[in-house]
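The residues making up each chain are set out below.
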There are 2 protein chains.
Amino acid sequence: MSTDQHPDFFARHVDLLHQAVERTLDRGYWTPYPETPSASAYGAGAPELGEACFRDLLDRRFPLDGHPANGTVAAAEVSPYGFPLGVSYPHLVPEVAVATARSAATTWRATSPDVRAGVAAEILARLNASSFEIAHAVQHTTGQPFMMAFQAGGPHAQDRGLEAVAHAWQEQKRHPGTARWNKPQDKGGPLVMDKTFTPVGRGVSVLIACNTFPTWNGYPGLFASLATGNPVVIKPHRRAVLPLAITVRIAREVLAEAGFDPNVVLLAASRSDERTAPALATHPDVRIVDFTGSREFGDWLEANALQAAVHTEKAGLNTVVVDSTDDYAGLLRNLAFSLALYSGQMCTTPQNIFVPRDGFPTDQGPRTADEFARDLGTALDKLLGNPARAAAILGAVVNGGVLDRLNQATALDRTAHPSRELTYPDHPDAVVRTPLVARLDPKTDEDIYTTEWFGPVSFVIATDSTAHSLQLLHDTVRRHGALTASVYASDDAVLEAARQTALDAGVHLSENLTGGVFVNQSAAFSDFHGTAANPAANAALTDPAFVTGRFSVLQSRRHVPAKEQVHA
Amino acid sequence: MSTDQHPDFFARHVDLLHQAVERTLDRGYWTPYPETPSASAYGAGAPELGEACFRDLLDRRFPLDGHPANGTVAAAEVSPYGFPLGVSYPHLVPEVAVATARSAATTWRATSPDVRAGVAAEILARLNASSFEIAHAVQHTTGQPFMMAFQAGGPHAQDRGLEAVAHAWQEQKRHPGTARWNKPQDKGGPLVMDKTFTPVGRGVSVLIACNTFPTWNGYPGLFASLATGNPVVIKPHRRAVLPLAITVRIAREVLAEAGFDPNVVLLAASRSDERTAPALATHPDVRIVDFTGSREFGDWLEANALQAAVHTEKAGLNTVVVDSTDDYAGLLRNLAFSLALYSGQMCTTPQNIFVPRDGFPTDQGPRTADEFARDLGTALDKLLGNPARAAAILGAVVNGGVLDRLNQATALDRTAHPSRELTYPDHPDAVVRTPLVARLDPKTDEDIYTTEWFGPVSFVIATDSTAHSLQLLHDTVRRHGALTASVYASDDAVLEAARQTALDAGVHLSENLTGGVFVNQSAAFSDFHGTAANPAANAALTDPAFVTGRFSVLQSRRHVPAKEQVHA
């Protein structure tokens, strides 16, 4: 692959790549992709142009030049804001997808880690330039409010992608391409060998993406696999194809410009009546799987896709322990926002809130568990009282499953604060619900709170004490998993106990969040998302373990003739 | 764990650790442990003292102070050189082993990567000082000749252990322990958080060791798991307990001196009539498994120990492709030595030698496949003609399974060069056999050469051409795996084709070995052993992927009060 005939994307992005590697190491704040959806950050007209691009995509066949197809997937996506997108996609059956990806990858696999990192960085740059188009696609497939769709679906997802590229690039370059081995001998001259070390991708990679965060959760696996020399077949959720179709379009453009076969990245959209993920994930030529979704299917993949390195982000029981606070108003504001954000449809939304039954101290006086549940309800009402603000926080309910669970939670008849229906004037057909808060007890309600209620459902659970709360955090997270844990305590000893509990349970901990950072948030280059240390995920976004299984370092060695040896 | 009351092993070994990390990166020749079994390298009297220590162990209960036991494993080991060792060991059932290890690990898990690396390096230093004792134990459990037992069982195994410590130490220290995250806001002051990052071991680690290289193949997993904060239960092969019992004794001594619970390392010897490895490997609290042994059980572990990170080194069809040579005598000498070394009982011994049927060019004129098989037999006879030299190369047959396979190979009636029985004057009861070479054909004998014949059995297989040989290398290795591949060719284009074939098949390649390096050998800090890219192994010794799955980095984060923020 001569770079003479093609743009040198590595040269264009090498400084960015070095910086990205540095920032994965120091874990401070950093992003190259502006998170503000403004013309000042993205250029005059960018917001309008992005929206127009999105509108242009509707009610037609999605443009993917030269993409293989076994027919067409009929337009089936419906915006949670209440209109059909009308986009149809190429249909690709698993056998063809895997075979096409495999044969397309020969030169991609053989080129250098530098060239691949450059191509990946260029794809990310163009995804960033398309952030408005992607934001609308994310909003109208996931139901996220626009600001979140822009940030989480655009620049923050791109951050996670670049983070994966940085790790992948660094790990492949960890060992030299060549080395001379010079072993002294007791008798005679040394044994001298020249060795080569070549990172080689593991094989076809399959990305099984989710409905709620198709890009944020999808980019790490996509870019980690690409950068390590593997072709990627993207199997989108059937309700959230569009953001990944745009991603595939851009990736293929860049690959082709760089002189590679664009089929290194494929979209494997499936029909509503077929379930292709199991066949894709267990295909003998598929050697890497990345998955975000249900605990059930994630566990199935781990147990069945044995021919592949499987990376899963499933779900769990995100937990808050309340012990005490000197900023009760801040606690309520922060927690209410965490419950309400995107209608609780985040894998990081707190579900189980453990509170001492008989009360805990606050700067506004003690609160019992019942009082706290009422106060949290009041804080939710206050947060969501203004309809425009409510829309900007809640977004819309992504699918009927969430609504079903909310109805089941209501039927439990343990409601401390009910869910309300809202109507958005701009989107009268959007299904909108505020969070429900129920009051549970550990002894009688274990079946309820040890089940995941993905959506706007949370529980205030009355415990005997903070020690009891921490014990429950530990036991439930070890058994059922969690992506987030949070503690409120003014006493250092309690915070220390919470840290030890979280370390032992294998979950990341946020302490005393009362300001502008929420437990749902996970910033690339600083926060790890998932730990691989509890059942909610078998991988973290993104660390070296996330990339090292995607390639092997293969070696060759040969003697160096005496005449070519230089003795020191 | 205060280092005030305990020796500071980290300070003692920190220079060595830094050097080891550097050498994993540059892949040149390096070892801190002398490979020559001499008094000059190991001190006056060291050889005699080591042998005396070994003799002292025989015919009694193995001394493991304070080691838990559920009774005693009767003395069952018999030296392949023809005498019973008479050593009995504590018997430990899986449930007790795992529970004891788990509860012993609390402080080990909580201490720092530095402290753990220091303890690991001290264990290695004392193992090195005991290299003669270990060498005798290895010789009389595996049947290796003494020189190999010393080198591979002692310093080379210690090299591999230190290499694993270096990777584990570096990976855990890759991220800072703390970081400040400072995110500018459009309005108001920045969001500032302090974060901690703590590497936490995954859980109980089980090492299932093999009969032939209990220490060389066992130390990487043992030390990688220890250094990343995990307790290790060592399940030795029932015929090769002693070398690992010595290892456990030394590890426990150092752990106790450093102030840790010695039960962080346990020996789980089993009775001859029980098979404990499956129960150990699938115990829910076991989170890491390291295995060396049969393809069958390795595949079983990968498919069944789903709760654990499983690292396997199984077996395969090590392959040689002969195309041409300008040093035919060197080729024959080198290859004969590779076949004979330790009676071919190495996971790296060549089995399938592909040769063009109608001949290949050499500096001594062309040779057909039949002529080559005869010449190889002659080279074996020459190499093993002197009885003392033969003993130093062949060692003894490790167990009856090897002998059975050799008899089956003889019964194939395709022998080009027969195996001979030898008798060692010093060890008249040792079972000794020279390598058998059989002549096969790809069309009729596929079933034979696609089966692994672990032991002194190799095949010269006549192909249509070198291209055909490379195709067979590719296909058999992809399907059945291999730990080594080797090519002889004087033409650069053929060598390049062989490299591409090996990259595609996922196997390391040695080219034109005619001197003092053999394809069986794999030097720590330079050569990778295994690739994870073919079915012979799902891990490589030792690279970052070998350690990254053994721990998670867990995070906590909190706001920094405005008064504690320092603005640049």
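No experiment lies behind these values; they were computed from the predicted model shown. (Residues numbered from 1 in each chain as written. Chains lettered and ligands numbered in written order. Predicted model: local features only at pLDDT ≥ 70, side-chain atom pairs only at ≥ 80, totals over all residues. Heavy atoms only, no water.)

> I'd like to hear about the overall build of chain A, residue by residue, with values.
Summing up its helical and strand segments, chain A has 21 helices and 21 strands in all. Its C-alpha atoms give chain A a radius of gyration of 25 Å, within 12% of the compact-globule value 24 Å for 568 residues. Principal axes of the C-alpha set define a box for chain A whose edges measure 85 × 65 × 45 Å. Within the span of chain A, comprising 568 residues, buried residues form 62% of the whole. (Helix = DSSP H or I, 4+ residues; strand = E, 2+ residues; numbered from the N terminus. Rg over C-alpha atoms; globule rule 2.2 N^0.38 Å. Buried < 20%, exposed > 50% of the residue type's maximum accessible area, 1.4 Å probe, protein only.)

> Give me helix H3 (residues 46-57) of chain A: which residues, what numbers.
Residue and element names in this part refer to chain A. Look at H3: 17 Å from first C-alpha to last across 12 residues, which is about the 16 Å you get at 1.5 Å a residue. For H3, the set of buried residues is Ala-46, Pro-47, Gly-50, Phe-54 and Leu-57. The arc enclosing the buried residues of H3, seen along the axis, measures out at 105°, which places them on a common side. Pointing more than 90 degrees away from the buried face of H3 are the exposed residues Glu-48, Leu-49 and Asp-56. Among the structural elements, helix H2 (39-42), helix H7 (131-142) and helix H11 (242-257) are those in contact with the buried residues of H3. (Expected span 1.5 Å × (residues − 1). Arc of directions from axis to C-beta. Contact = heavy atoms within 4.5 Å.)

> Could you give an account of the relation of the copies chain A and chain B, with specific residues and numbers?
In summary, the two copies of the chain are related to each other by a rotation about an axis coupled with a shift along it. Once chain A has been moved 0.0 Å along the axis and rotated by 180°, it coincides with chain B to within an RMSD of 0.0 Å. Taken together, these values place the two copies in the relation of a two-fold axis. The rotation axis passes nearest to the C-alpha of Ala-545 of chain A in chain A, at a distance of 3.3 Å. Taken together, the interface assignments show that 100% of the residues at the interface of chain A recur at the interface of chain B, consistent with an identical surface on both copies. (Least-squares fit on C-alpha atoms with pLDDT ≥ 70 in both.)

> Explain the packing of aromatic side chains to me, using residue names and the numbers behind them.
Here the structure, examined in full by the defined rule, presents 38 aromatic pairs over all chains. Summarising the aromatic geometry, the rings of Phe-213 of chain B and Tyr-342 of chain B are spaced 5.7 Å apart at their centres and angled 85° between planes, so their arrangement reads as edge-to-face. In this pair, Phe-213 of chain B is assigned in the loop between strand S7 (204-208) and helix H10 (219-227) and Tyr-342 of chain B in the loop between helix H14 (328-340) and strand S13 (352-356), connecting sequence segments 129 residues apart. The exposure classification of Phe-213 of chain B matches that of Tyr-342 of chain B, with both residues buried. Every member of this aromatic cluster is reached through a ring pair, and the members are Tyr-42, Phe-132, Phe-146 and Phe-150 of chain A. The ring of Phe-297 of chain B is capped by Arg-275 of chain B, whose NZ or CZ atom sits 4.6 Å from the centre of that ring. Over the ring of Phe-546 of chain B we find Arg-550 of chain B, and its NZ or CZ is 4.4 Å from the ring centre. (Phe/Tyr/Trp six-rings, centres within 6.5 Å; stacked < 30°, edge-to-face > 60°. Lys NZ or Arg CZ within 6 Å of the ring centre and 35° of its normal.)

> Give a description of unusual backbone geometry that names residues and reports values.
With omega at -20°, the peptide bond leading from Leu-541 of chain A into Thr-542 of chain A counts as cis. Considering the arrangement of structural elements, one finds Thr-542 of chain A in the loop between strand S20 (509-511) and helix H21 (544-548). At Asp-59 of chain A, a position not held by glycine, the phi torsion is positive, near 60°. With a phi close to 65°, Asp-413 of chain B is a non-glycine residue in the positive phi region. Here Asp-413 of chain B is to be found in the loop between helix H17 (400-411) and strand S14 (415-417). Residue classification places Asp-413 of chain B among the exposed positions, given a relative accessible area of 66%.

> Residues and numbers for the interface of chain A and chain B, please.
Every contact between the two is made by 71 residues of chain A and, on the other side, 71 residues of chain B. Where chain A abuts chain B, roughly 5700 Å² becomes buried across the two surfaces, and 52% of that area is made up of carbon and sulfur atoms. Inspection of the region where chain A meets chain B yields 12 salt bridges. Here Arg-174 of chain A makes a salt bridge to Glu-171 of chain B, at a shortest N to O gap of 2.9 Å. Taken together, chain A and chain B are joined by 40 residue pairs in polar contact (both at pLDDT 80 or more). Per-element tally for the side of chain A that touches chain B: the top contributor is strand S21 (residues 551-559) of chain A, with 8 residues. Considered class by class, the residues forming the side of chain A that touches chain B number 28 nonpolar, 23 polar and 20 charged. For S20 of chain A and strand S21 (residues 551-559) of chain B, the ladder comprises 3 bridges, and the chain directions are parallel. Bridged to Ser-510 of chain A within S21 of chain B is Arg-557 of chain B. (Buried area = accessible area lost by both parts, 1.4 Å probe. Salt bridge = Lys/Arg side-chain N within 4 Å of Asp/Glu carboxyl O. Polar contact = N/O pair within 3.5 Å; in protein donor to acceptor, adjacent residues only side chain to side chain. Nonpolar A, V, L, I, M, F, W, Y, C, P; charged D, E, K, R; others polar. Pairing = 2+ DSSP bridges.)

> Break down the nonpolar core for me, with residues and values.
Counting residues in each nonpolar core, the largest one holds 123 residues, and the members touching the most others are Tyr-89, Phe-223, Leu-242, Phe-372 and Leu-376 of chain A. In terms of residues, this core owes the most to one element, H11 of chain A, which gives 9 residues. Core analysis: the next-biggest nonpolar cluster, separate from the first, contains 122 residues, Leu-191 of chain A together with Tyr-81, Leu-267 and Ala-390 of chain B among them. (Core = buried A, V, L, I, M, F, W, Y, C linked by side-chain atoms within 4.5 Å.)

> Any details on the sheet that holds strand S6 (residues 191-201) of chain A? Residues and values, ideally.
Within a sheet, adjacent strands bond to each other through the backbone by hydrogen bonds, running parallel or antiparallel. The 10 strands lie next to each other as S5(A)-S6(A)-S21(A)-S20(B)-S19(B)-S12(B)-S13(B)-S18(B)-S17(B)-S14(B), forming an open sheet whose pairing is mixed. Each having just a single partner strand, strand S5 (178-183) of chain A together with S14 of chain B make up the two edges of the open sheet. In this sheet, adjacent strand axes meet at a mean angle of 25° when their direction is disregarded. Along the sheet face, H17 of chain B touches S14, strand S17 (436-440) and strand S18 (457-463) of chain B and points at about 40° away from the line of S17 of chain B. (Axes fitted to C-alpha atoms, helices over the stretch in contact; angles between N-to-C directions.)

> Any chance you could break down the side chain of Gln-555 of chain B for me, citing the residues and the numbers?
Locating Gln-555 of chain B in the fold gives a position in strand S21. What Gln-555 of chain B contacts, discounting residues up to four positions off in sequence, is His-508, Leu-509, Ser-526, Asp-527 and Phe-528 of chain A together with Lys-195, Thr-196 and Phe-197 of chain B.

> Let's hear about the sheet that holds strand S10 (residues 286-292) of chain A: which residues, and what values?
Residue and element names in this part refer to chain A. Judged by pairing direction, the sheet is parallel, and its 5 strands sit side by side in the order S9-S8-S7-S10-S11 without closing on themselves. Each having just a single partner strand, strand S9 (265-267) and strand S11 (309-313) make up the two edges of the open sheet. The sheet shows a mean angle of 15° between the axes of neighbouring strands, taken without regard to direction. Relative to S10, strand S7 (residues 204-208) is paired through 5 bridges, and the arrangement is parallel. Its bridge partner lying in S10, Ser-205 is registered against Ile-288.

> Explain the side chain of Glu-133 of chain B to me, using residue names and the numbers behind them.
Relative to the assigned elements, Glu-133 of chain B resides in helix H7 (residues 131-142). Apart from the residues lying within four places of it in its own chain, the contact partners of Glu-133 of chain B are Gly-50, Cys-53, Phe-54, Leu-57, Ile-246 and Arg-249 of chain B.

> Give a detailed account of the pattern of salt bridges, specifying residues and quantitative values.
All names here are of chain A. Enumeration over the complete set of coordinates arrives at 64 salt bridges over all chains. Linking Lys-173 and Asp-114 is a salt bridge whose minimum nitrogen-to-oxygen distance equals 2.9 Å. You can see Lys-173 sitting in the loop between helix H9 (155-172) and S5 and its partner Asp-114 sitting in helix H6 (residues 113-129), a full 59 residues away along the chain. Taken together, the shared-partner salt bridges connect Arg-12, Glu-122, Arg-126 and Glu-257 into one network.

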